[in-house]
Amino acid sequence: MKEHQEHSLFSLPVLIAMFGYLVDVYDIAIFGILRVESLQDLGLNAEEISVQGTWIINLQLIGMILGGFVFGILGDKWGRKNILFTSIFIYSTATLLNAFVHHIEMYMILRFIAGFGLAGELGAGITLMAETVKKKHRSYATSLITGIGLLGGSLAFLVYDFTTWRTALFIGGVLGFILLFARAKFLDSHLFEKTKNTIKETHLGSLKLLFFRKEILKKYLFCLGVAVPIQFFYGMFIFLANEMTKALGFEQPVEVGVCVLWYFVGNAIGDLFSGPLSFYFKSRKKVIRLLTTGLFILMILTLSDVFNTTNLYYALSLISGIIAGYWALFLITTSENFGTNLRATATVSAPNIVRGILIFFFITYQTLKPIYGVIHTVIILAIICLIISIISNWKLKESFGKDLDYHDI
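None of these values were measured; they are calculated from a predicted model. (Residues numbered from 1 in each chain as written. Predicted model: local features only at pLDDT ≥ 70, side-chain atom pairs only at ≥ 80, totals over all residues. Heavy atoms only, no water.)

Caption draft 1: Molecular detail of the nonpolar core. Within the largest apolar cluster, 124 residues are counted, with the highest numbers of intra-cluster contacts made by Tyr 107, Phe 232 and Met 236. One finds Ile 83, Ala 119, Leu 128 and Val 348 within the second-largest nonpolar core, a separate group that totals seven residues. (Core = buried A, V, L, I, M, F, W, Y, C linked by side-chain atoms within 4.5 Å. Buried < 20%, exposed > 50% of the residue type's maximum accessible area, 1.4 Å probe, protein only.)

Caption draft 2: Summary view of the packing of aromatic side chains. Applying the stated criterion across every chain, the model contains 22 aromatic pairs. With a centroid separation of 5.5 Å and an interplanar angle of 55°, the aromatic rings of Phe 360 and Phe 361 are classed as tilted. Through a chain of ring-to-ring contacts, the aromatic side chains of Phe 232, Phe 233, Phe 237, Phe 360 and Phe 361 assemble into a single cluster. Taking NZ or CZ as reference, Lys 282 lies 4.3 Å from the ring centre of Phe 279, over its face. Against the face of Trp 394 rests Lys 395, its NZ or CZ located 4.5 Å from the ring centre. (Phe/Tyr/Trp six-rings, centres within 6.5 Å; stacked < 30°, edge-to-face > 60°. Lys NZ or Arg CZ within 6 Å of the ring centre and 35° of its normal.)

Caption draft 3: Region of interest: the state of the cysteines. Tallied over the full model, the rule gives zero disulfides. In this model Cys 223 remains outside any disulfide bridge; the closest cysteine sulfur is found in Cys 385, 16 Å from its own. A relative accessible area of 1% places Cys 223 in the buried class. Free of any disulfide, Cys 259 has its nearest cysteine sulfur in Cys 385, 19 Å distant. (Disulfide = S-S within 2.5 Å.)

Caption draft 4: Looking closely at helix H2 (residues 12-41). With 30 residues, H2 should reach 44 Å at 1.5 Å per residue; the first-to-last C-alpha distance of 41 Å fits that figure. At Arg 35, H2 shows its strongest bend, of approximately 65°. Most of H2 sits inside the fold, with 21 of its 30 residues counted as buried. (Helix = DSSP H or I, 4+ residues; strand = E, 2+ residues; numbered from the N terminus. Expected span 1.5 Å × (residues − 1). Bend = angle between axes of the 7 residues up to and from the residue.)

Caption draft 5: Examining the side chain of Thr 127 more closely. With respect to the element layout, Thr 127 can be found in helix H6 (residues 121-132). What makes Thr 127 buried here is its relative accessible area of 0%. Of note is the side chain of Thr 127, whose polar atom sits 2.7 Å from the backbone oxygen of Gly 123. Not counting residues within four places of it along the chain, the set of residues in contact with Thr 127 comprises Arg 80, Ser 335, Arg 343, Ala 344 and Thr 347. (Polar contact = N/O pair within 3.5 Å; in protein donor to acceptor, adjacent residues only side chain to side chain. Contact = heavy atoms within 4.5 Å.)

Caption draft 6: View of unusual backbone geometry. A positive phi angle is found at Lys 282, which is not glycine, with a value near 55°. Along the chain, Lys 282 turns up in the loop between helix H14 (256-281) and helix H15 (285-303). The exposure class of Lys 282 is partly exposed, given its relative accessible area of 47%. Phi at Asp 305 takes a positive value of approximately 70°, unusual for a residue other than glycine. One can find Asp 305 in the loop between H15 and helix H16 (310-323). Residue Asp 305 is classed as partly exposed on the basis of its relative accessible area of 31%.

Written as structure tokens, this is what we have:
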């Protein structure tokens, strides 16, 4: 079994997981980038694009939340490798078919299916890596996977810039199938095989254990809580950059696509450095706490109109992406905080729950905006986000260097 435990930093499992996450991020980012043109091409007017575009995003996020739990449970029951194949096949097929849609209803259905499939990729890849790579390499491997993988957002922007929206979706589907063939010879985690043969099947991927054991539920919620500021900043200050800058009184409008591009470039840089920082400090919590504080300081500076020109706002997008690079640490911390029987369930579902939190932020934002205005609504949501973050950072258990051969029963 030892050979399965001793993978090095630049081993095939890490490199394939890295490429897998790049395709994952490409597919997640591509709709936000081509949303307006594709819906215009389907015959929608400006108001319909706003309404239907939001519906499609929310359906994709709902699909990811559902898929996160389905693939997470199956990952602890069937194995990490099996759900990787299944999830890649589903989202690759849906994205490929998306390139040929001519009706908004089919567009919605396929984005929901794509979201469902995408849910299994990242968490399963991180779980498999955590259980097969040398302990001393976990921090660096996670940073490498997420750092390079996040460039998928920038790749999506560049592909769209040089092709049509249908071609960009087609390429996303093809990339997924290439990934599927590349993973054909993968072995599953030795820890999963060992656990499958030593504990009851009812304890594998058990939602009853996850949600009805107080201590297990609390650590799951704390893992989610530390990543909430990342999605809040992305949703309010990057995805809605056009509304935010208008409310701040910008004379020239910003291009949301450019903000997304620079954010993902920064995110890739930040993820590449957060793992080594964690290794240097011998702590996940210290680095997460430091970068979370930096993100809230950046929020205050933005709302104080410090980044008050278009170019400065693009610089903000890059800087915020770098600071939000503790996404890598959120993923590996979640994986390390759960026993082998629940590790895939937690690690696969957690990033999708955090992504899905955007639904709450978007709905609350649209509800409160007519009453309080854009800036005050964002401040209210930021305060909620800050409270969640403080409690989660305080309560989260340190997991650096933890032996992963244990169970949550």
